[in-house]
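Below are the chains, spelled out letter by letter.
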Amino acid sequence: MGVRFLSTGAGLPDKVLTNADLEKMVDTSDQWIVERTGIKERRMAAPDQATSDLAVLAARHALETAHLTPADIDLIVVATCTPDHLFPSTACLVQKALGAVNAAAFDLSAACSGFLFGLSAVSGMMEAGMAKRALLIGADTLTRFTDWKDRGTCVLFGDGAGALLLEKTEGPSDLLAVHLGSDGSVSDILSIPGGGSRHPLGSGVGEFPPFIHMEGKEVFKHAVVRMMEAMEAALKKCGKTVEDLALIIPHQANLRIIDAIAKRLKTKEDKVFRNVQKYGNMSAATTIIALDEAVRSGRVQRGDSVGLIAFGAGLTWASAILKW
Ligand code: COA
């Protein structure tokens, strides 16, 4: 008993913010950004677009691909750290926009690892008999929480949403293994200090702004070590090796992190997916948008084994091995 993967979808804003655009906003250069991160451009939500709007685009895309209607869905989970509001949940706004009247809906927060934490939660709920068909969405608009004067962070992030449609099956599960991990003891190296209940907006915003704070070098080191650990743990759980995987999709935060992982996994360059050049780091949307691109371009075929790895604030890290 387990889950089957029916389809994927993506929802990206139209606006492209290039490195040349950023050169006009902060003291940076296309050369520095490309050399240090690999990023050439990223997408940015329009002023009237919030996280739920991108999530709805991704959800509709996945539903159309699977030839299903919103009424066929009985669970909607949105992994996001940039919800439209503190409440109601973004998932409830998605339910309303889709007209998914039969679905229970809630959000889940594990920052950039959110989609894979969501995959673990949704598949567990389905195996426990709590849902038959679910929409799992990873969606974030980190550009709304970016300090556009901080060149150390503003070049890194983009907005987007990706969706996965899952169905309960009595047969063997297409989710072969999941591994999750967290380390809250270093939560301060990557955070949005203000805007929550610790430092609410309107009280001391100057000292605790609602913008991304990151100690880049520290985060980099943890990212490589934890993503490697996560991949090895998930492979071990399902008795597979890197050679058994058709494609590995690591979180797309920085090309140098992805290259370091590819080197340590001792695998061919083209087995490790890269699209960070086009989108930057889209947080919880990253791995699912990458999977959607890989499936639509034919890089992942039905029956292929795929490894997904994520890392994010918390700290959190996660991996999954799935049979597409
Ligand atoms: N343009 C030009 N120069 C920049 C710059 C920019 N956008 N951002 C930083 N710099 C400068 C710094 O001020 C510093 O200058 P200094 O030597 O005069 O002090 C120099 O470049 C080196 O900065 P540093 O922060 O040490 O660079 P780095 O090689 O560590 O690269 C990151 C910075 C952010 C790209 C890198 O640390 C990183 O990717 N970290 C992980 C990020 C991540 O994965 N986050 C999300 C996890 S989910």
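Each chain carries its own residue numbering, running from 1 in the written order of its sequence. Residue-level local features of this predicted model are given only where pLDDT is at least 70; pairs of side-chain atoms are given and counted only at 80 or more, and the full residue set underlies all totals for whole chains, interfaces and linings. Excluded from the side-chain calculations are hydrogens and water; all other atoms, namely the structure's heavy atoms, are used.

**Student:** Tell me about the site of the ligand, and name the residues and values.
**Tutor:** For each residue, the test is whether any non-hydrogen atom lies within 4 Å of the molecule or strand; if one does, the residue is near. Taken together, the neighbourhood of the ligand is formed by 24 residues, with Thr28, Arg36, Arg151, Lys217 and Asn254 sitting nearest. A distance of 2.7 Å separates a nitrogen atom of the ligand from a polar side-chain atom of Thr28. Two N or O atoms form a polar contact when they lie within 3.5 Å of each other; inside protein one atom must be a possible hydrogen donor and the other a possible acceptor, and for residues adjacent in sequence the pair counts only when both atoms belong to side chains. Within the side chain of Arg36, a nitrogen or oxygen atom sits 2.6 Å from an oxygen atom of the ligand. All accessible areas in this document rest on Shrake-Rupley with a 1.4 Å probe, and a residue is counted as covered only by the protein chains that are shown. Contact with the protein chains hides 73% of the accessible area of the ligand, taken as 960 Å² for the molecule alone. Elements supplying a minimum of two residues to the shell around the ligand: helix H2 (30-37), helix H6 (151-154), helix H7 (216-238), helix H8 (255-264) and strand S12 (305-312). Helix and strand assignments come from DSSP, with helices taken as H or I runs of at least 4 residues and strands as E runs of at least 2, each series counted from the N terminus. Examining the composition of the shell around the ligand, we find that four residues originate from one element, H7, more than from any other. The classification used treats Ala, Val, Leu, Ile, Met, Phe, Trp, Tyr, Cys and Pro as nonpolar, Asp, Glu, Lys and Arg as charged, and all other residues, Gly among them, as polar. Within the shell around the ligand, the residues separate by chemical class into 11 nonpolar, eight polar and five charged.

**Student:** Break down the sheet that holds strand S5 (residues 104-108) for me, citing the residues and quoting the values.
**Tutor:** Two pairing modes exist for strands in a sheet, parallel and antiparallel, and in both the strands are linked by backbone hydrogen bonds. Pairing between two strands is assigned when DSSP locates at least 2 bridges connecting them. Ordered by their spatial adjacency, five strands build an open sheet running S1-S7-S6-S4-S5, and the pairing between neighbours is mixed. The sheet terminates laterally at strand S1 (2-11) and S5, the two strands that pair on one side only. Within this sheet the neighbouring strands show an average axis-to-axis angle of 20 degrees, counted without direction. Note: strand S6 (residues 133-141) against strand S7 (residues 159-169), nine bridges, orientation antiparallel. Residue Thr141 lies in a different strand from S7, and its bridge partner there is Asp159. Working rule for contacts: check all heavy atoms of both residues, and any pair within 4.5 Å makes them a contact. To define axes, lines are fitted to C-alpha atoms, for helices over the stretch in contact only, and angles between the resulting N-to-C directions are given on a 0 to 180 degree scale. Seen against the sheet, helix H4 (residues 90-98) touches strand S4 (75-79), S5 and S6 and runs at an angle of roughly 130 degrees to S4. Relative to the sheet, helix H5 (residues 114-127) contacts S1, S4, S5, S6 and S7, its axis offset from that of S6 by approximately 165 degrees.

**Student:** Describe in detail the domain arrangement of the chain, supporting the description with residues and values.
**Tutor:** Note that the domain bounds were set by an automatic or database domain assignment. Looking at the assigned domains, one finds that the chain contains domain 1 (2-169) and domain 2 (175-323). At the interface, 50 residues of domain 1 touch 45 residues of domain 2. A pairing counts as a salt bridge when a side-chain nitrogen of Lys or Arg comes within 4 Å of a carboxyl oxygen of Asp or Glu. Counting every contact that joins domain 1 to domain 2 gives zero salt bridges. Our count for the domain 1 to domain 2 interface comes out at 21 residue pairs in polar contact (both at pLDDT 80 or more). Secondary-structure elements contributing two or more residues to the side of domain 1 that touches domain 2 are S1, H2, strand S3 (41-44), helix H3 (51-66), H5, S6, H6 and S7. Considered class by class, the residues forming the side of domain 1 that touches domain 2 number 23 nonpolar, 17 polar and 10 charged.

**Student:** Explain the pattern of salt bridges to me, using residue names and the numbers behind them.
**Tutor:** Applying the stated criterion to the full structure yields 11 salt bridges. The salt bridge partner of Glu167 is Arg4, with a shortest N-O separation of 2.7 Å. You can see Glu167 sitting in strand S7 and its partner Arg4 sitting in strand S1, a full 163 residues away along the chain. The partly exposed category is assigned to Arg4, whose relative accessible area is 37%. The shortest N-O distance in the salt bridge between Arg274 and Glu269 comes to 3.6 Å. The structure contains a network of salt bridges with shared partners spanning Arg4, Arg133 and Glu167. Note on exposure labels: buried denotes an accessible area under 20% of the residue type's maximum, exposed denotes more than 50%, and partly exposed covers the range between, all computed with a 1.4 Å probe on protein chains only.

**Student:** Please provide a residue-by-residue account of the pairing of S4, values included.
**Tutor:** Walk down a regular strand and you will see the side chains alternate between the two sheet faces. Across the five residues of S4, five count as buried, placing the element largely inside the fold. One ladder, built from five bridges, connects S4 with S5; its direction is parallel. Within S5, the position partnered with Val78 by the bridge is Asp107. Whether a crossover is right-handed depends on one test, that the path from the first strand over the helix to the second runs clockwise when the strands point away from the viewer. In terms of handedness, the path from S4 via H4 over to S5 forms a crossover that is right-handed. Two strands pair when backbone bridges link them, and S4 and S6 are joined in this way by five bridges, in the parallel orientation.

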